[in-house]
Amino acid sequence: GKTALAEWMLFDEHILAKRPRAGESVLDFDPAEAARHSSVFSHFLRVPHAGRLLEITDTPWGDFQSDANAALDGSDGAVIVASASDGVQAGTLSSFKYCQENGIKCILDL
């Protein structure tokens, strides 16, 4: 979800020429990520949008909650992406709480 959102943002701004597809991530290029079909490392990207430069951090999840929280340090805001089919999980609540405790504005995206 998070990586797909980041890749669609890149595609929408014509940075990626190829439409993002499930199982074919451009950001998750490391062999460990490709094998898991999920992020293991945080990815930092810049997306120009409406005359501004958005700095996006695509973070790993699950076993890597502390890495996701560390990547939030210094952020102005966060979009917490949760699976609509899985619903809000413990990690979702943990990230939301971390944002609240550290004054980071956040949006929940299902």
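What counts and how
Residues numbered from 1 in each chain as written. Predicted model: local features only at pLDDT ≥ 70, side-chain atom pairs only at ≥ 80, totals over all residues. Heavy atoms only, no water. Helix = DSSP H or I, 4+ residues; strand = E, 2+ residues; numbered from the N terminus. Rg over C-alpha atoms; globule rule 2.2 N^0.38 Å. Buried < 20%, exposed > 50% of the residue type's maximum accessible area, 1.4 Å probe, protein only. Contact = heavy atoms within 4.5 Å. Areas by Shrake-Rupley, 256 points an atom, 1.4 Å probe, with all protein chains shown as cover. Lys, Arg positive; Asp, Glu negative; His and termini not counted. Charge placed at Lys NZ, Arg CZ, Asp CG, Glu CD. Pairing = 2+ DSSP bridges. Salt bridge = Lys/Arg side-chain N within 4 Å of Asp/Glu carboxyl O. Axes fitted to C-alpha atoms, helices over the stretch in contact; angles between N-to-C directions. Parallel < 35°, antiparallel > 145°, perpendicular 65-115°, else oblique. Left-handed = near helix turned anticlockwise from the far one by under 90°. Nonpolar A, V, L, I, M, F, W, Y, C, P; charged D, E, K, R; others polar. Right-handed = clockwise from strand over helix to strand, strands pointing away. Core = buried A, V, L, I, M, F, W, Y, C linked by side-chain atoms within 4.5 Å.

Undergrad: What should I look at first to understand the overall build of the protein in this one?
TA: Each helix and strand in the protein was counted, giving four helices and four strands. The helix and strand sequence of the protein, counted from the amino end, reads α-α-β-β-α-β-α-β. For 110 residues, the compact-globule estimate of 2.2 N^0.38 gives 13 Å, and the protein sits close to it at 14 Å. The principal-axis extents of the C-alpha atoms in the protein amount to approximately 40 × 35 × 25 Å. Burial status across the protein gives 30% buried among its 110 residues. Contacts spanning at least 24 positions in sequence make up 47% of the contacts within the protein whose residues lie at least 6 apart. Counting only carbon and sulfur atoms, one obtains 55% of the accessible surface of the protein, whose full area is about 7300 Å². Charge centroids of the protein, computed over 9 positive and 16 negative side chains, lie 4 Å from each other.

Undergrad: Quick question: what am I supposed to make of the pairing of strand β2 (residues 52-58) here?
TA: The side chains of a regular strand alternate, residue by residue, between the two faces of the sheet. Pairing analysis gives seven bridges linking strand β1 (residues 43-49) to β2, with the strands arranged antiparallel. For H49, the partnering residue across the bridge sits in β2 and is R52. The hairpin turn running from β1 into β2, its antiparallel successor, is two residues long, and A50 in that turn takes a positive phi close to 50°.

Undergrad: Whenever I open this one, the side chain of E7 confuses me. Can you help?
TA: Looking at where E7 falls in the secondary structure, it is placed in helix α1 (residues 2-12). This buried residue, E7, is left without a salt bridge; K18 holds the nearest opposite charge, at 9.9 Å. Setting aside chain neighbours within four positions, we find E7 in contact with L16, P20, S25, V26, L27 and D28.

Undergrad: I would appreciate a short explanation of the packing of helix α3 (residues 65-72) against helix α4 (residues 90-101) in the present structure.
TA: Describing two packed helices takes the angle between their axes plus the distance from one axis to the other. At a minimum axis separation of 11 Å, α3 and α4 run at an interaxial angle of 25°. Of the possible angle classes, the one that applies to α3 and α4 is roughly parallel. Crossing angle aside, the handedness with which α3 passes α4 is right-handed. Contact with α3, carried on its side by Q65, N69 and L72, involves G91, S94, S95, Y98 and C99 of α4 and no other residues of that element. For the contact of α3 with α4, the class distribution of residues is three nonpolar, five polar and no charged.

Undergrad: Any chance you could explain the side chain of T59 here in plain terms?
TA: Mapped onto the elements, T59 comes out in the loop between β2 and α3. If sequence neighbours within four positions are ignored, T59 has contacts with K2, S39, S42, A68 and A71.

Undergrad: How should I be thinking about the pairing of strand β4 (residues 105-109) in this particular structure?
TA: The sheet contact formed by strand β3 (residues 77-81) and β4 spans five bridges and is parallel. Following the sheet pairing, V79 is matched in β4 by I107. As for the winding sense of the linkage, the β-α-β connection from β3 through α4 to β4 is right-handed.

Undergrad: Before we go on, may I ask you to explain the nonpolar core in this structure?
TA: When a protein is soluble and globular, its nonpolar side chains tend to lie buried together. Of all hydrophobic cores here, the largest spans seven residues; its members are A6, L10, L16, L27, L45, V47 and I56. Ignoring any residue separated from it by four or fewer positions in sequence, one finds A6 in contact with L27, L45 and I56. In terms of nonpolar packing, the next biggest core, distinct from the first, is built from six residues, L72, A78, I80 and Y98 among them.

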